[in-house]
Amino acid sequence: MEEQEEKKIIKINLLQVSMTLGTYLGLYMILAYAMTALTVRFPALSLIALPVVIGIPVVAYFLIRRFRDSNSLPFFPFPVSWIISILTFLFATVLSCMVTYLYLRYFDHGAFSSGLMARMEVMMQTYQAAVSGMTDPAQIEQYNSTLELMRQSITWFCSLPASGVTKQLIQTSLLWGNILSLIIALITAKKIRLK
């Protein structure tokens, strides 16, 4: 008798896996957003906040790789890896932006915006002092137009209600999540190895 190899069917509940991984990534993103918000009040924390924010894709990669390795799957194709990555970022964005909205709406009472405006004024005074030392009129004009554009952008951002800030955060998180999910999926995909 010939022995027939049974085809091994691998089942992954993509939504459940993505929600679990998205919860972990979302908690990390909440920490990153909190550290970023604290840098407005305490600028020295930017030394810690920047690596924490840059670590978001690294944490996402390690979460997805840990899931792949812990299940000992014989293969982990790119489409599955990409779907898990993109849904992980989606659920993490939902969780972190919901917490951000609740904080800005019910607990902040404009402290973040006023702190950002105060920090902007200090920065503008510093830049104006730097402009006073310049001699080239074209360079001074370009510098002043850049400062004015930055002032308008920060003023516009600070005038947004909590829902507006949250919408901007959602757009940014989803955009970068889509881009990063492709890269993470390429790295974590595991091909079938023929014997």
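As the structure is a prediction and not an experimental result, all values here were calculated from the model. (Residues numbered from 1 in each chain as written. Predicted model: local features only at pLDDT ≥ 70, side-chain atom pairs only at ≥ 80, totals over all residues. Heavy atoms only, no water.)

**As for the overall build of the protein chain**
In terms of helices and strands, the protein chain carries six helices and zero strands. Moving toward the C terminus, one meets the helices and strands of the protein chain in the order α-α-α-α-α-α. Here the protein chain has a C-alpha radius of gyration of 23 Å; the compact-globule value for 195 residues is 16 Å, and the former is much larger. Taken over the C-alpha atoms alone, the protein chain extends approximately 90 × 45 × 25 Å along its principal axes. Looking at the 195 residues of the protein chain, the share that counts as buried comes to 29%. (Helix = DSSP H or I, 4+ residues; strand = E, 2+ residues; numbered from the N terminus. Rg over C-alpha atoms; globule rule 2.2 N^0.38 Å. Buried < 20%, exposed > 50% of the residue type's maximum accessible area, 1.4 Å probe, protein only.)

**Thoughts on the state of the cysteines**
The final tally for this structure, using the stated rule, is zero disulfides. For the unlinked cysteine Cys97, the closest cysteine sulfur is that of Cys158, found at 18 Å. When its relative accessible area of 2% is taken as the criterion, Cys97 is described as buried. (Disulfide = S-S within 2.5 Å.)

**Concerning the layout of surface pockets**
Gaps left between atoms are located by rolling a probe of water-molecule size over the structure's atoms. Of the voids in this model, the largest pocket is the one considered here, and its volume is about 1100 Å³. Those elements that place two or more of their residues in the lining of the largest pocket are α1 (14–41), α2 (46–70), α3 (78–108), α4 (111–132) and α6 (162–188). Ranked by the residues each element gives to the lining of the largest pocket, the list is headed by α1, at 10 residues. Taken together, the residues of the lining of the largest pocket break down into 22 nonpolar, 11 polar and three charged. (1 Å grid on protein atoms, 1.4 Å probe; cavity = no way out; pocket = protein on both sides within 12 Å on 5 of 7 lines; lining within 4 Å. Points joined across faces, edges and corners; volume = space filled by probe spheres on them. Nonpolar A, V, L, I, M, F, W, Y, C, P; charged D, E, K, R; others polar.)

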